[in-house]
Each structure stands twice: as structure tokens, then as C-alpha cells.
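Coordinate inspection notes
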Amino acid sequence: MSNAFIGQILHVNLTSGAISTENLNPQWARQTLGGAGLATRYLLELTSPGIDPLGAENVLIFMTGALTGTPSASASRYSVVAKSPQTGYWGQSNSGGYFGPALKWSGFDGVIFEGVSPEPVYLLILDGKAELRKASHLWGLTVPECDDRLQSEVGRPVTVACIGPGGENLVRYAAIMNNKNRAAGRTGMGAVMGSKRLKAIACGGNRHISLHNAEAFMRVTQRQREFMDESILKIGFDAFGTNMIADMVNVRGGYPTNNWQSGTFEGIENVNAQAMTDQVLVEGVRCFACPVACGRGTEIRSGKWKGAHGEGPEYETADTLGAMCGVDDLNAITMANYRCNEFGLDTISTGAAIAFAMECYQKGILNHDNTGGIALEFGDADLVVDLVEKIAKREGIGDLLAEGTLRIAERLGSGSEHFAMHVKGLELPAYDPRAAKITGLGYVTASRGGDHMNGYIQGPTFIDMPFLIVEDSTIRNPFVVDPQEARILIDMENALNVLDALGGCKFMGVLVSADEIVDLVQAATGWDFSLDEFHKCGDRLQTMARAYNAREGMRREQDILPERLMSDPLPDGPGEGMVLDRASLERMKDTYYEMRGWDVVSGLPTPTKLHELDLDYLIPQLWDNYSG
Ligand code: SF4
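Given the structure is predicted, the values throughout are model-derived calculations rather than measurements. (Residues numbered from 1 in each chain as written. Predicted model: local features only at pLDDT ≥ 70, side-chain atom pairs only at ≥ 80, totals over all residues.)

What follows is about the overall build of the protein chain. The helix and strand inventory of the protein chain stands at 26 helices and 17 strands. With respect to the principal axes defined by its C-alpha atoms, the protein chain has extents near 60 × 55 × 55 Å. By residue count, 61% of the 628 residues in the protein chain fall in the buried class. Considering only intrachain contacts with a sequence separation of at least 6, the fraction spanning at least 24 residues in the protein chain is 70%. (Helix = DSSP H or I, 4+ residues; strand = E, 2+ residues; numbered from the N terminus. Buried ≥ 20, exposed ≤ 12 C-beta atoms within 10 Å, placed from the backbone. Contact = placed C-beta atoms within 7 Å.)

Below, the discussion takes up the sheet that holds strand E1 (residues 8–13). Reading across from one edge, E2-E1-E6-E3-E4-E5 is the order of the six strands in this open sheet, with mixed pairing throughout. Because the sheet does not close on itself, it has two edges, and the strands there are strand E2 (19–23) and strand E5 (90–95). Across this sheet, the average inter-strand angle for adjacent strands is 20°, counted without regard to direction. Bridge analysis of E1 against E2 gives five bridges, and the strand direction is antiparallel. The partner of His11 across the bridge, within E2, is Ser20. Running at roughly 145° to strand E3 (residues 60–64), helix H2 (residues 35–46) makes contact with E3, strand E4 (78–83), E5 and strand E6 (110–114) of the sheet. (Pairing = 2+ DSSP bridges. Axes fitted to C-alpha atoms, helices over the stretch in contact; angles between N-to-C directions.)

A few words now on the pairing of E6. Counting buried positions along E6 yields five of five residues, so the element is predominantly enclosed. By the alternation rule, side chains of E6 split into Gly110, Ile112 and Glu114 and Val111 and Phe113, which are all buried. As paired elements, E1 and E6 share five bridges and run parallel to each other. Residue pairing across strands places Ile9 opposite Gly110, the latter belonging to E6. With four bridges joining them, E3 and E6 adopt antiparallel strand pairing. Paired with Met63 across the strands is Gly110, a residue of E6.

Moving on, we get to the sheet that holds strand E14 (residues 295–299). Here three strands make up an open sheet; going across it, the order is E13-E14-E15 and the pairing antiparallel. Pairing within the sheet leaves two strands with one partner each, and these edge strands are strand E13 (281–285) and strand E15 (309–311). For this sheet the average axis-to-axis angle between neighbouring strands, irrespective of direction, equals 20°. Pairing of E14 with E15, which is carried by three bridges, proceeds in the antiparallel orientation. By the bridge assignment, Thr298 is partnered in E15 with Gly310.

Relative to the assigned elements, Pro574 resides in the loop between helix H23 (563–567) and helix H24 (582–596). Residue classification places Pro574 among the partly exposed positions, given that 15 C-beta atoms sit within 10 Å. Residues within four places of Pro574 in sequence aside, it is in contact with Arg252, Gly253 and Ala435.

Take helix H14 (residues 347–362) next. In this model H14 runs 22 Å from its N-terminal to its C-terminal C-alpha over 16 residues, within 8% of the 22 Å that 1.5 Å per residue would give. Taking burial as the measure, the 16 residues of H14 include 15 buried ones, the bulk of the element. One or two residues past the end of H14 sits Gly364, with phi positive at roughly 80°. (Expected span 1.5 Å × (residues − 1).)

This paragraph deals with the site of the ligand. The ligand sits among Ser74, Ser76, Gly96, Arg286, Cys287, Cys290, Val292, Ala293, Cys294, Gly295, Cys505 and Phe507. Class assignment of the residues belonging to the shell around the ligand gives a composition of seven nonpolar, four polar and one charged. Domain assignment of the residues forming the shell around the ligand places at least three in each of domain 1 (8–204) and domain 2 (251–427). (Near = placed C-beta within 6 Å. Nonpolar A, V, L, I, M, F, W, Y, C, P; charged D, E, K, R; others polar. Domains from an automatic or database assignment.)

What follows covers helix H4 (residues 143–154). At 3.6 residues per turn, the α-helix brings residues three or four places apart onto the same side. Helix length check: H4 (12 residues) gives 16 Å between terminal C-alpha atoms against 16 Å at 1.5 Å per residue, within 8%. If you follow the buried residues of H4, they end up packed against strand E9 (159–162), strand E10 (176–178), strand E12 (198–204) and helix H13 (330–343). Within two residues after H4, Gly155 carries a phi angle of roughly 85°, on the positive side.

Right, let's talk about the domain arrangement of the protein chain for a bit. If you check the domain split of the protein chain, you get domain 1 (8–204), domain 2 (251–427) and domain 3 (434–623). The C-alpha centroid of domain 3 is placed 27 Å from the C-alpha centroid of domain 2. Counting residues at the interface gives 21 residues for domain 2 and 23 residues for domain 3. When grouped by side-chain class, the residues that make up the side of domain 2 that touches domain 3 number 10 nonpolar, eight polar and three charged.

In this section: the packing of helix H7 (residues 214–229) against helix H21 (residues 514–525). Closest axis-to-axis distance for the H7/H21 pair is 8 Å, and the angle between their directions is 150°. Viewed along their axes, H7 and H21 adopt a mutual orientation that is roughly antiparallel. Every pair of crossing elements has a handedness; the one defined by H7 and H21 is left-handed. Mapping the contact onto sequence places Ala216, Phe217, Val220 and Gln224 in H7 and Glu516, Asp519, Leu520, Ala523 and Ala524 in H21. Partitioning the contact of H7 with H21 into residue classes produces six nonpolar, one polar and two charged. (Parallel < 35°, antiparallel > 145°, perpendicular 65-115°, else oblique. Left-handed = near helix turned anticlockwise from the far one by under 90°.)

With that settled, the discussion passes to the packing of helix H18 (residues 437–445) against H24. The geometry of a pair of packed helices is captured by two quantities: the angle between their axes and the separation between those axes. Two numbers describe how H18 lies on H24: the axes approach to 10 Å, and their chain directions differ by 65°. In this structure, the crossing between H18 and H24 has a hand that is right-handed. Contacts from Lys437, Gly440, Leu441, Val444 and Thr445 in H18 reach Ser584, Leu585, Met588, Lys589 and Tyr592 in H24. Residue composition of the contact of H18 with H24, by class: five nonpolar, three polar and two charged.

The next thing to look at is unusual backbone geometry. Negative phi characterises most residues that are not glycine, and trans characterises most peptide bonds. With an omega of 10°, the peptide bond running from Gly312 to Pro313 counts as cis. Structurally, Pro313 is set in the loop between E15 and helix H12 (315–320). Phi at Asp464 is positive, roughly 50°, even though this residue is not glycine. Relative to the helices and strands, Asp464 resides in the loop between helix H19 (458–462) and helix H20 (486–502). The exposure class of Asp464 is partly exposed, given the 13 C-beta atoms found within 10 Å.

Pasting the structure below:
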């Protein structure tokens with residue numbers, strides 16, 4: 001097998017309990033670089049269109065990247081891929097911490113779960129050997145309880161990824177948590193794990209990752225680290241975490257408040273980075289091999305939750321569990337974050353679903369009779385904390401909220417769809433595209449729905465953060481629609497796809513150039529990997545996910561924003577009076593599809609494009625029965 005990879009994929013059939021191994025397909029590894037890309041290749045291969053995401057036919061794939069577990073900066077990450085129970089499309093989530101390296105060091109590049117176990121189980125992988133163990137005694141435990149129990153039960157240190165009650169109860173936005181506080185949060189991968197009655201994976205081992213040219217690899221790594229040590233990003237992230245951008249987004253009028261009824265938040269000074277540092281920060285927390293410590297180790301020092309400690313909140317969480325719900329009580333936001341981690345819920349979707357329900361209550365669509373007597377008022381900080389557990393356990397109104405914004409709106413109707421803030425069922429994160437138009441295009445073209453991380457175009461727009469990984473990331477005037485900026489979004493998506501697949505953190509896209517990534521891949525694998533291949537690979541990864549979605553019926557029409565963003569003007573801030581109107585969005589989409597080589601009418605990747613990207617096997621799947 002190539003250097004950098006272990007060369008082994010583990011297959012676990014949960015229905016029968018059979019475990020087998022497969023040699024990693026070297027062609028697939030080269031074409032995808034591992035991670036989400038390789039997992040998507042398996043997803044396309046192993047599943048048929050139209051399956052139930054929570055049924056036995058779905059697969060759940062944990063995959064590390066070519067660089068995961070090596071000493072290169074931030075090589076900490078793994079991806080989880082399955083059909084999403086939240087969107088019905090491509091489900092993918094990515095997490096740092098230490099689980100990705102631990103999985104690789106235990107002897108496998110990835111694990112593919114099929115079927116449904118008749119009883120709760122966990123997978124134990126130690127030194128290249130895997131076994132399924134009963135987990136009835138773990139079912140119902142929170143994430144930290146499960147992790148602690150496994151540490152003592154296995155009898156040697158293991159690194160754990162598990163679900164909490166949220167995943168067990170099939171909350172559609174349940175997360176998979178690793179190292180207790182790190183989340184593969186988005187698109188409901190925890191619910192898929194729960195549907196398979198798989199409580200946890202625990203791994204341990206010291207398998208060596210061989211590198212083609214270790215000396216050259218360490219030279220590039222060292223050069224990168226020296227550069228990063230001097231960078232503003234590192235200094236800012238170390239001091240303030242990702243929440244350092246809260247003031248910047250707020251001042252630009254894009255900080256979603258009261259379920260996106262406003263783009264500026266009066267209580268920003270109570271929840272911004274300085275407030276976090278003053279009130280709850282204990283120390284910065286870093287993932288494996290990362291020179292930056294953007295995680296927030298925190299403790300609540302006063303009030304009813306005094307003494308509670310854990311990690312977070314980061315930027316998205318501080319907004320979605322805070323301003324989006326009208327809450328400026330940092331202790332409550334921090335506590336709600338801890339509860340999401342303990343119960344295994346995605347913080348973005350949790351906060352956004354609560355915020356949506358609050359607006360439904362404000363407008364009388366929800367009332368005392370159908371909330372079980374709960375007054376879902378904006379600004380009720382204690383309520384936000386309490387609702388997290390109710391959602392995870394599907395208690396009372398929590399059962400409805402556990403379905404996510406799309407389905408809540410479908411059930412309630414009465415015009416609530418207008419302000420249901422999701423794209424394709426995935427709740428939007430904390431950047432309002434009315435105040436930065438290109439970010440709206442990013443939301444509708446993102447492979448997993450309302451997602452900011454696919455191309456993180458929010459970086460160059462809201463915070464003027466240039467990304468070295470692309471040639472040009474300059475957004476001239478975020479308030480103005482410029483369809484030609486689709487080129488920047490595409491370049492960002494492609495480059496960050498590569499980082500993701502390799503197992504690196506997308507934040508490193510600010511600090512490393514594509515040339516340096518090429519050097520690293522060459523040194524690690526021994527491939528004659530080129531800059532052209534870097535670009536082609538990023539394009540291929542985006543197109544593969546699009547093809548999966550197209551197979552599930554996604555078309556151009558589904559690439560659409562919530563009606564509020566297209567027709568309700570921002571009431572305040574520098575973007576006051578602005579929308580991202582439908583006609584402008586459609587113009588941007590035209591340019592985006594053309595630049596991508598996708599069919600402008602349907603939004604499907606064209607046969608020519610699929611052939612160009614060595615994805616010929618997808619042509620009949622997408623086009624044989626296409627009827628327009
Ligand atoms: S930048 Fe932050 S999230 Fe990314 S790998 Fe480093 S510590 Fe983890």
C-alpha cells in the first residue's frame with residue numbers, strides 16, 4: 001500500500017456481527033485522498049438511491065485522511081459519512097481532537113458499518129484486532145459517562161467516539177462525540193449511529209504510519225509551523241478562540257438574532273470573545289498536532305451552574321444558543337453547550353431549532369396548548385438550557401424540536417415555512433447572507449445543505465480573512481451581488497475539500513498554500529502529486545457529493561434560500577433594507593454551475609464533466625433515466 005495510509009479498511013456487519021477487512025483500493029485512495037472523499041466513494045458504491053437513512057440499508061463510514069495521524073499541522077481529523085436523516089442527502093461531518101489519529105494507529109484507515117445490530121453494541125479496536133461487545137449497560141449514558149466507563153472497562157487507555165441519548169433517541173441532528181467534547185456534529189450522523197444500535201467505537205494502538213520521505217515531510221511541516229507561530233490567526237485563535245469574530249460579524253450586520261429577525265445583537269458585549277475570556281475561559285484547547293489552540297476549555301464561575309466545566313462555546317454555538325434565541329447570558333449559553341456535548345447534539349441545529357420554535361410562539365403558531373404549557377419566549381436563557389435535555393430525550397415539546405426546523409415547519413404550517421431558516425433541512429449557521437451576498441450562494445451550493453464549512457466563503461467576506469490556499473480570495477464589496485465571485489467560492493470549496501480529505505483542519509487554509517500541501521502529499525505518499533491534481537481532486541470531491549445528492553433527486557430547484565432571506569429586508573446594521581433577492585441568487589447560480597461544468601438547467605454534473613474527473617461510473621446513474 002501507499003505510504004501515509006495504513007492500507008486496511010474494516011467492515012462491520014452489525015446485523016450478523018461479522019467483521020472483515022479489505023485492502024484499501026489504491027486507485028480510490030489516490031483519487032480521493034481519503035477522509036470524506038474516500039467515504040463518499042464507498043457510500044456511492046454500497047447504497048442505493050431512496051434508502052431510509054435510519055434503516056438497515058444505510059451505511060455509516062468513519063474515514064481518516066492520508067495525513068491524519070502524521071505530525072503535519074492539524075492532521076487530527078476524520079470524517080463520518082452516511083445518508084443524512086436530517087436532509088435526505090449527503091450526510092457528512094468532520095471532527096478533530098484525537099480520535100482520527102487513534103483510529104489510524106489502531107490499524108485501520110476507516111471503518112464501514114452496515115446493517116442494524118439486534119442489541120446495543122460497541123466496537124473495540126486494539127492493535128489491528130476488532131471485536132463487537134455488548135453495550136446494553138452503556139445505553140442511556142451521556143457522552144462523558146460512556147467514555148469514562150469504557151476507559152475502566154477496557155482496562156487500558158482508549159480513544160472513544162460515541163453517541164449520547166440524542167443519537168439513541170434518533171434526534172435528527174444528533175452528533176457523534178469524540179474525546180468527550182469534540183463533535184462530528186452536522187447532518188445527524190449520531191442518529192444514524194443510534195439507528196444501528198452502535199453506542200461507541202473505542203480504539204487503541206501504536207501502529208506506525210510510514211512516510212515516503214520522512215525527512216522532506218518534516219522539513220515542510222517545520223516550515224509551516226514556524227510560519228503559523230507568527231500568524232495573526234494563531235495569536236487571535238489562541239487568545240479568543242473562534243468567537244473572536246463575533247464583533248466583526250455583528251458590526252457588519254450579519255449576526256443572526258431572534259431567529260434572523262435582526263442582523264445585529266444588542267447584547268453582543270455580553271457574549272463576545274472578551275466576555276468569554278473574562279467570564280468562563282480557563283485555557284485554550286488544541287487538537288492533535290495543531291499549533292493553534294482554538295478550542296475553549298471553560299468553567300462557569302458564578303450563578304446556578306457554578307462549578308460546571310467543559311469545552312465551548314465556539315463562535316457558531318455562541319450565536320445559535322445565544323443571540324439567535326435572544327439570549328445574552330454567557331453562563332447559560334456555555335451550560336447549554338455543555339449539555340449538547342453531554343447528550344450528543346449538534347449545537348448549531350439545536351439552537352436554531354429552538355430559535356425557530358420561539359418565533360413560532362411569538363407569532364402564535366405555537367402556544368401554551370401545543371408546547372405543553374411552556375412559554376417559548378425569546379431571551380429565556382434558562383429555557384434554552386432546559387430544552388437541550390428535553391430534545392435529547394424527546395420529552396414533551398422536545399419531541400417536536402428533535403425533528404429539526406424543516407420538519408417542524410412542515411408539521412406546523414401556518415406560514416412558518418417563510419422563516420424556517422434551513423437549506424435542504426440543515427439549519428443555517430451564524431452569518432446572514434443579506435449582509436454578504438456571496439455567502440448565500442455558498443449556502444445553496446454546499447454539498448450537505450445550509451453549511452458554512454464547505455467553502456468557508458464567510459471568512460473572506462465577514463472578517464476579511466484571506467486564504468493562502470487559493471490564488472485569490474478577495475471579495476470586493478460583500479453587500480453587492482457579483483456572480484463572477486462564484487469563481488472564488490468554487491476555488492475555496494475545492495481547496496478546502498482537499499484539506500478535509502487529507503485529514504487537516506480547514507482553518508489551515510488561511511495559513512498554508514496549495515503548493516505546500518502538494519509538497520506534503522508528495523513527501524508522505526511518494527506520488528507524483530501536482531498542483532493540477534490538487535485542483536482536480538478538489539473539484540472531483542465536490543462533484544462526487546453533488547452526484548450523490550443528484551442520485552437522491554436533488555436538482556437546481558433545491559438550491560434555494562429560506563424565503564425570509566430573499567424577501568424580508570434586514571431591519572438594521574450596514575445591510576439595512578437589503579435582501580438577497582431570488583433573481584440575483586439565480587444569476588449567481590447560473591454562473592456557478594457554468595464554471596463548475598454542471599448543467600445549468602438541472603444542476604447535475606454533465607457527462608463531460610464527470611468524464612473529465614474520472615467519474616464515468618456515475619454517468620449512467622445520473623443521466624440514463626434523466627427526464628428533465
Ligand atoms: S485550528 Fe482549532 S479546530 Fe482546527 S485542528 Fe487546530 S485546534 Fe482543532
